[in-house]
Amino acid sequence: MTEVGITLEFGNCLHCFKRAPLFNLLTNEELATINCHRTEVVFNKGELIHKSGTQSSHVLSFNTGLAKLYIEDHKGRNKIIKLIKAHDFYVSPGVFSDNRHHFSIKALTKSTVCMIEAEAFKQLMQVNSKFAFEYISLMNTTLLEITEKMHNLVRKHNTGKLAETILYLEKEIYKENPFTINLSSSDVADLCGVGRDSAIRILNDFNSEGIIEYSKKTIKILNRPLLENISENG
């Protein structure tokens, strides 16, 4: 999958408190099967977890850390589709089609990931209908989120895109206010689909207008109703 990362040789799925909620639908015997077909790997900040175009032989369960799921255009620019956090579960669409990754994933912070053999995962879907149904529901939710994000990138102005991104980071990723961003300014720009300089300028504008307080990568939302209005109509 990747030439970087540190493989760990401990832990057991049956007693793991870091596993994705999806795995709570598995029996002890099924968890034992997962445990026999997975490898736990630590990726340092900036390390590539997998690259678009490579073989999709594993599905990923994130135990700790934060990573970005992104696509690269022909000019080498990135478009971040979503952020992946601890307890999230990711299956490349290629697992069920052409056995290729169609997105790249890179660690934004030190991250621990369980890499589960795709064939073992597919076999469990065949024997556990609740597990399969929940997985399909999860993937449909992700698809709707990505579709809405793509729609918003087209219809919104840059201020609306950045306001939406701030609310997304607060509600879905850090889940606190204030919060400290462990993303680079380029990653923030790639996440909301604007240029880096524009993203920095809008953040400073929001700060000077009293909508947020922004200092040393820490953001505090001061005027939530106005920020939400900008996100919706900006």
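This structure is a prediction, so every number in the text was calculated from the model and none was measured.

Looking at helix H2 (residues 118-127), one finds that the buried residues are Ala-118, Ala-120, Phe-121, Lys-122, Leu-124 and Met-125. Where H2 is buried, its residues touch helix H1 (28-36), strand E4 (58-64), strand E7 (89-90), strand E9 (111-117) and helix H3 (129-155).

This part is about the packing of helix H4 (residues 158-174) against helix H7 (residues 224-233). Closest axis-to-axis distance for the H4/H7 pair is 7 Å, and the angle between their directions is 125°. Here H7 runs oblique to H4, going by the angle between their axes. The two elements H4 and H7 meet at a crossing, and its hand is left-handed. Taking contact as the criterion, the partners of Thr-159, Gly-160, Ala-163, Glu-164, Ile-166, Leu-167, Glu-170 and Lys-171 in H4 are, on H7, Arg-224, Leu-227, Glu-228, Ile-230 and Ser-231. Its residues assigned to classes, the contact of H4 with H7 shows five nonpolar, three polar and five charged.

Here we come to the side chain of Lys-68. Looking at the element boundaries, Lys-68 is found in strand E5 (residues 66-72). A distance of 2.8 Å separates a polar atom in the side chain of Lys-68 from a polar atom in the side chain of Asp-187. Among residues more than four places away in sequence, those in contact with Lys-68 are Asn-78, Ile-80, Lys-82, Leu-83, Ser-104, Ile-105, Lys-106, Leu-108 and Asp-187.

Attention now moves to the sheet that holds strand E3 (residues 48-50). Here four strands make up an open sheet; going across it, the order is E3-E8-E5-E6 and the pairing antiparallel. The outermost strands of the open sheet, each flanked by one partner alone, are E3 and strand E6 (78-85). The sheet shows a mean angle of 30° between the axes of neighbouring strands, taken without regard to direction. The pairing of E5 with E6 spans seven bridges and is antiparallel.

Attention shifts here to the sheet that holds strand E10 (residues 179-180). The strands that make up a sheet are held in pairs by hydrogen bonds between backbone atoms, and each pair lies either parallel or antiparallel. In space, the three strands of this open sheet follow the order E10-E12-E11, with antiparallel pairing throughout. Looking along the sheet, the strands with just one partner apiece sit at the ends: E10 and strand E11 (212-215). With four bridges connecting them, E11 and strand E12 (residues 218-221) associate as antiparallel partners. Of the residues in E12, the one forming a bridge with Glu-213 is Lys-220.

Okay, the packing of aromatic side chains next. Summed over the entire model, instances satisfying the criterion amount to seven aromatic pairs. A centroid spacing of 5.6 Å and a plane angle of 70° characterise the contact between Phe-121 and Phe-131, whose relative ring orientation is edge-to-face. Taken together, the residues span a long stretch of sequence, with Phe-121 in helix H2 and Phe-131 in helix H3 at a distance of 10 residues. Taking the relative accessible area as the measure of exposure, Phe-121 reaches 0% and is therefore buried. Residue Phe-131 is classed as buried on the basis of its relative accessible area, which comes to 0%. When the ring of Phe-121 is compared with that of Tyr-135, the centres are 5.3 Å apart and the planes differ by 80°; the resulting orientation is edge-to-face. Taken together, the positions of Phe-121 in helix H2 and Tyr-135 in helix H3 put the pair 14 residues apart, joining distant regions of the chain. The same class applies to Phe-121 as to Tyr-135, namely buried. Among the aromatic residues, those joined into a cluster by ring pairs are Phe-23, Phe-89, Phe-96, Phe-121, Phe-131 and Tyr-135. Its end group placed over the ring of Phe-96, Lys-122 keeps NZ or CZ at 6.0 Å from the ring centre.

All chains considered together, the criterion is met by 11 salt bridges. For Arg-38, the salt bridge is made with Glu-40, and the minimal N-O distance between the two is 3.4 Å. As far as the burial class goes, Arg-38 and Glu-40 line up, both buried. A salt bridge links Asp-187 to Lys-68; its shortest N-O distance comes to 2.8 Å. Placement of the pair is Asp-187 in helix H5 (residues 185-192) and Lys-68 in strand E5, with a sequence separation of 119 residues.

Basis of the calculations
Residues numbered from 1 in each chain as written. Predicted model: local features only at pLDDT ≥ 70, side-chain atom pairs only at ≥ 80, totals over all residues. Heavy atoms only, no water. Buried < 20%, exposed > 50% of the residue type's maximum accessible area, 1.4 Å probe, protein only. Helix = DSSP H or I, 4+ residues; strand = E, 2+ residues; numbered from the N terminus. Contact = heavy atoms within 4.5 Å. Axes fitted to C-alpha atoms, helices over the stretch in contact; angles between N-to-C directions. Parallel < 35°, antiparallel > 145°, perpendicular 65-115°, else oblique. Left-handed = near helix turned anticlockwise from the far one by under 90°. Nonpolar A, V, L, I, M, F, W, Y, C, P; charged D, E, K, R; others polar. Polar contact = N/O pair within 3.5 Å; in protein donor to acceptor, adjacent residues only side chain to side chain. Pairing = 2+ DSSP bridges. Phe/Tyr/Trp six-rings, centres within 6.5 Å; stacked < 30°, edge-to-face > 60°. Lys NZ or Arg CZ within 6 Å of the ring centre and 35° of its normal. Salt bridge = Lys/Arg side-chain N within 4 Å of Asp/Glu carboxyl O.

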